[in-house]
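In case you want the letters, here they are:
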Amino acid sequence: MIAFAKMHGNGNDFVVFENLDRAFGTEDLSRLAIALCDRKKGLGGDGILVAEPSAKAPLAMRIFNRDGSEGEMCGNGARCFARYAFEKGLSGPQVDFETLAGMMHAEVTPPDVILHLGTIDCSKGLFDESVTLLGETFPLAALRVGVPHCAVFVPDLAVRPRQDLVLLGRTLRHDALRFPQGVNVNFVQDLGEGKLLVTTYERGVEDLTDSCGTGSTMSAIAAVKRWGLRSPVRVVNPGGVNVVHLEWKEGGTACEARLEGRTALVAQGTALAEAGV
């Protein structure tokens, strides 16, 4: 049995639980992610978030995707994790925690959470590329924001059929020549007035998700580089709005990034053996 919380950040949903005594190893957590995230036989989710001890911070966050793979970071997941830590008394409203992508800091004022992503190194990013997918050529940007991301600029994103985006996303996500580690694919449309429409095909989920926090951040950075948008950038995802705050270093080779958005604690309970626990 596992005591859990079901949470989401703008529709990006997770099963959250504690492993403070390290009762579950990595293989166990991978198996649990597959079982618990099944939307028919489990609790449903894009991934699981696991609270563990840390030698560097009060807590460590581990994230396992729906396919059982472990991710380095997840922006919406980290916001949900910070809210969980606060609600469960594991932390105050200022939450510091370790991830595989480095140390994170969050400010919790339920239901909102601001996640400080630290300094994003843009010097290794690609901002003036193009890609041909299924007979169409699109402008492309690529940048690691915790995990590998790319932005595909699609002027008609709002009216593109879902199945087209899935096919385009899946094709680029598995482009091993460009992205040997795989990549999260963000489809981006400029809505004007500092707003973007973004839909993300997520590596590990292997489908479109309602929101992606690091994807929203990467898309905002790419849009600033491409169109000169000013901070903050409002990123409209299918599940809600993420607000990305960027403070640029001199020369534009790096920026401090903050991700702001709503979280929801929608259920608490106990997962039983018949769910695969």
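Attention in this report is confined to the structure presented alongside it.

**What about the environment of Asp156?**
Along the chain, Asp156 turns up in the loop between β11 (147-153) and α3 (162-173). Look at Asp156 and you get partly exposed, because its relative accessible area is 32%. Placed 34 residues apart in sequence, Asp156 and Asp190 show a C-alpha to C-alpha distance of 9.6 Å. Of the polar contacts made by the side chain of Asp156, one reaches the side chain of Arg160; its length is 3.0 Å.

**A look at the side chain of Asn242**
Looking at the secondary structure, you find Asn242 in strand β16 (residues 240-248). Residue Asn242 is classed as buried on the basis of its relative accessible area, which comes to 0%. Among the polar contacts made by the side chain of Asn242, one reaches the side chain of Asn10 at a distance of 3.0 Å. Here the side chain of Asn242 touches Ser216 through a polar contact of 3.2 Å, side chain to side chain.

**Examining the pairing of strand β12 (residues 184-192)**
Two faces make up the sheet, and in a regular strand the side chains alternate between them. Of the strand pairs in this sheet, β11 and β12 are connected by five bridges, and their pairing is parallel. Paired with Cys150 across the two strands is Val185, which belongs to β12. Strand direction decides the pairing type here: β12 and strand β13 (residues 195-202), joined by seven bridges, are antiparallel. Across the sheet, residue Gln189 finds its bridge partner in β13, namely Leu197. Hairpin connection of β12 to β13: two residues between the antiparallel strands, including Glu193 at a positive phi of 55 degrees.

**Observations concerning the pattern of salt bridges**
One side chain can pair with another of opposite charge once the charged atoms of both are near each other. Per the counting criterion, the structure on display carries 17 salt bridges. Across the salt bridge formed by Arg62 and Glu52, the nearest N and O atoms sit 3.4 Å from each other. Of this pair, Arg62 sits in strand β4 (residues 59-65) while Glu52 sits in strand β3 (residues 47-52), and the two are ten residues apart along the sequence. The pair Arg62 / Glu52 is uniform in exposure class, with both members buried.

**Points about α3**
Helix length check: α3, at twelve residues, gives a terminal C-alpha distance of 16 Å against a target of 16 Å (1.5 Å per residue), a fit within 8%. Every buried residue of α3 is accounted for by Leu165, Val166, Leu168, Gly169, Leu172 and Arg173. The inward-facing, buried residues of α3 abut β9 (126-133), β10 (136-145), β11, β12, β13 and β14 (207-209).

**Here we look at helix α1 (residues 26-36)**
Those residues of α1 that sit buried are Leu29, Ser30, Leu32, Ala33, Ala35 and Leu36. Packing partners of the buried residues in α1 comprise β1 (2-9), β2 (12-18), β3, β4 and β18 (264-271).

**Some points on the nonpolar core**
With 49 residues, the main nonpolar core has Leu49, Phe97, Leu115, Leu117, Ile120, Leu196 and Leu246 as its most contacted residues. Core analysis: the next-biggest nonpolar cluster, separate from the first, contains 20 residues, Val152, Val154, Leu172 and Leu208 among them.

**A short note on the environment of Thr253**
Note on placement: Thr253 falls in the loop between β16 and β17 (254-262). With 213 residues separating them in the primary sequence, Thr253 and Lys40 have C-alpha atoms 45 Å apart. Setting aside residues up to four positions removed in sequence, Thr253 forms contacts with Ile120, Asp121, Cys122 and Ser123.

**Observations concerning unusual backbone geometry**
That bond from Pro110 to Pro111 is cis: its omega, 5 degrees, falls within 30 degrees of zero. By the element assignment, Pro111 lies in the loop between β7 (102-109) and β8 (112-121). Cis geometry marks the peptide bond from Ser231 to Pro232, where omega comes out at 0 degrees. Note on placement: Pro232 falls in the loop between α4 (213-227) and β15 (233-237).

**A closer look at the pairing of β1**
Counting buried positions along β1 gives six out of eight residues, so the element sits mostly inside the fold. Sheet topology places β1 next to β18; seven bridges connect them, and they run antiparallel. By the bridge assignment for β18, Met7 is matched with Leu265. Here five bridges tie β1 to β2, and the two strands are oriented antiparallel to one another. Bridging from a neighbouring strand, Met7 pairs with Phe14 of β2. Taken together, β1 and the strand that follows it, β2, pair antiparallel across an intervening segment of two residues, in which Asn10 is found at a positive phi of about 55 degrees.

Conventions and cut-offs
- Residues numbered from 1 in each chain as written.
- Predicted model: local features only at pLDDT ≥ 70, side-chain atom pairs only at ≥ 80, totals over all residues.
- Heavy atoms only, no water.
- Helix = DSSP H or I, 4+ residues; strand = E, 2+ residues; numbered from the N terminus.
- Buried < 20%, exposed > 50% of the residue type's maximum accessible area, 1.4 Å probe, protein only.
- Polar contact = N/O pair within 3.5 Å; in protein donor to acceptor, adjacent residues only side chain to side chain.
- Pairing = 2+ DSSP bridges.
- Salt bridge = Lys/Arg side-chain N within 4 Å of Asp/Glu carboxyl O.
- Expected span 1.5 Å × (residues − 1).
- Contact = heavy atoms within 4.5 Å.
- Core = buried A, V, L, I, M, F, W, Y, C linked by side-chain atoms within 4.5 Å.

Any functional reading would require information that these geometric values do not contain.
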